[in-house]
Amino acid sequence: RAPQWSLLGRMQGYQTIDPFIDAENEPYRRVPQFAFSGRWDRNAMRFSSHNELVKFDRSVGTTGWRMDHTEELSYAFTKPGMFLTPAFALRQTNYWLDDRSSDERTEFSRTLPVASVDAGLTFDRVTGMGGGHIQTIEPRVLYAHVPFEDQSDLPLFDTIEPTFNPVQLFRKYRYLGADRIADTDQMSFGLTTRLIDVHTGQEKLTGTIGQTRYLSAQEVVLPNQLPSPANASDYIAELSLSLHPSWRLGVDYQWDSETNKTARSETRFQYRPGSNRLLGVAYRYQNGLLNQSDISIIWPLGQAWRVIGRASYSFLDDRPLERFLGWEYESCCWRLRLISRRYISRRTGESDSSLTIQFLLRGFTDDGDSPEELLERGILGYRRFENTP
C-alpha cells in the first residue's frame, strides 16, 4: 500500500465440506489474482484506476483468465453545504478461456462507458437544550447511465447480486463482480438526518431513507433470471440510535413497492455498561427466506474470568440454529478458552457438536484462528474487547 495506490497479489482456494454441493457449484480458485487500484487528485479533478487480472480454475466448467479495467475521471464542484460531482468512466473486460471445444470462441471482450452525476446538500441547525446538538438534513441524488450490451456469452466466475442497502442505493453497478455489468438509466434519491453532540462529535441519531427510479427497462441479468418489469427499487431505510452511552439500537428496513409488503428487516439492540460487558439481542426477517432471532452475551466473572455465549433460533423452521457457550481465563501473557458449540452443519438440517480448547500466548498467536472467527461472526463487537498485548 501507498498513499495513492495499492497492489494485491494472491493465490486463493476453498475447501467445501458440505457433500451436497456438487462440483459445478463449488467456488472457483484464483490462481493467481493481481489487483491494482490508484487515485490521483489535482485540485478538484480526480483520476481513479481499478485493475484486476485473475485466473479462475475449477475441476468442472469453464476456466480461464479475466482482465478488468475501470478508468474514471471526475470533477468535484464543492461549496459549503453542497457538492456536485460529474464523472465518466470506461470499463474494459477481456476473457481468455481454456478447455473449449474447437468450434467455440475462447476470447471475449466488453467495453462500456459509464456516466454519472452525484449531488447533495447539507442543511444544519443548532437544537436541544442549551444548543447542545446539531441536527442535519442531507438530501442526495445520483444519476447513473450504463448502456446495454449483450453479455450472455460471457462466463460467470464470481459475480453476484448483493443485498439492497443504503450503500448499494448509491452504487452505479447492480452486481458485484466483473462478469455482468447491468445496463441502467437510473436516478437514486436519498435523505439522511443526523443528531450530533456538539461537545463530543458523537452521532446520537442517524437515519436514512431512499429509493432508486429506473428511467428505462434493464435487460442484463444473471443466468436463470428474468428482467424485472419494475420501474423502481424497494424503499430502503436505516436508523441508528444511541441516546445513552450504554446502549445502541439499530434498525434496517426494506419495503417492496410492488407487493406493498416487508421484503427485509433487521433490529439490533446492544447494552454495554462497561468496556468488557455486552448483552445483545437481534431479530432478522426476509420474506420467504428467514425469520430469526439471537441473543449474545460477554460478561466478566471476577477479575480474570468471563463468559461468552450466543444462541440463535429460526421461527421459520421452529428450531435452534446455533448455540455456543464459552468460558475464558485471561492473564497478562496468556489466555485459556473453552467453547462448547451445537450448530447446523448441512443444508439438509443435520446438526453437529464441537468442543474447543484454545491456549493463546498473547502477542504470538494468529488472530485468524477458527475460534476467534467463530466469536467475531457470532457476536457483533467482540473484537472491541480484545486488549492490546
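Heads up: the structure comes first, above all this text.
Treat the numbers as computed from the prediction; the structure is a model and nothing was measured.

Draft legend 1. Fine view of the pairing of strand 6 (residues 82-98). Relative to strand 6, strand 4 (residues 63-75) runs antiparallel, the two sharing twelve bridges. Within the sheet, the bridge partner assigned to Gly64 lies in strand 6 and is Leu97. Bridge analysis of strand 5 (residues 77-79) against strand 6 gives three bridges, and the strand direction is antiparallel. Bridging from a neighbouring strand, Phe77 pairs with Leu84 of strand 6. Linking two consecutive strands that pair antiparallel, namely strand 5 and strand 6, is a turn of two residues; a positive phi of about 85 degrees is found at Gly81 within it.

Draft legend 2. Just the environment of Asn165, in detail. You can see Asn165 is positioned in the loop between strand 9 (133-146) and helix 1 (166-169). A relative accessible area of 28% means that Asn165 is categorised as partly exposed. Each C-alpha atom of the pair Asn165 and Ile297 lies 27 Å from the other, and the pair is 132 residues apart in sequence. What Asn165 contacts, discounting residues up to four positions off in sequence, is Ile236 and Arg264. A distance of 3.2 Å separates a polar side-chain atom of Asn165 from the backbone oxygen of Thr163. A polar contact of 3.0 Å, which involves the side chain of Asn165, links it to the backbone nitrogen of Val167.

Draft legend 3. The arrangement of the side chain of Asp118 in detail. Within the secondary structure, Asp118 is located in strand 7 (residues 107-121). Side chain to side chain, Asp118 and Arg140 meet in a polar contact 2.7 Å long. Setting aside anything within four residues of it in sequence, one finds Asp118 in contact with Phe83, Leu84, Thr85, Arg140, Val141 and Leu142.

Draft legend 4. Layout of the environment of Met82. The residue Met82 is located in strand 6 in this model. Using a relative accessible area of 38% as the deciding quantity, one classes Met82 as partly exposed. Each C-alpha atom, one on Met82 and one on Ala119, is 7.5 Å from the other, the two residues being 37 residues apart in sequence. In this view, Met82 contacts Phe77, Gly120 and Leu121; residues no more than four positions away in its chain are not counted.

Quick notes on the rules
- Sequence order sets the numbering: in each chain, residues are counted from 1 along the sequence as written.
- Only residues with pLDDT of at least 70 get local features here, since the model is predicted, and only at 80 or more are side-chain atom pairs given and counted; chain-wide, interface and lining totals rely on the full set of residues.
- Values reported for side chains reflect all heavy atoms of the structure, with hydrogen atoms and water molecules removed beforehand.
- Only strands joined by at least two bridges in the DSSP assignment are considered to pair.
- Helix and strand definitions follow DSSP, with helices as H or I runs of at least four residues and strands as E runs of at least two, each counted in order from the N terminus.
- Relative accessibility under 20% of the residue-type maximum defines a buried residue, over 50% an exposed one, and the middle range a partly exposed one, all with a 1.4 Å probe and only protein chains included.
- In this description, contact between two residues means that some pair of their heavy atoms is separated by no more than 4.5 Å.
- In the analysis that follows, any N or O atom pair within 3.5 Å is treated as a polar contact, provided that within protein one partner can donate a hydrogen and the other can accept it, and provided that, for residues neighboring in sequence, both atoms belong to side chains.

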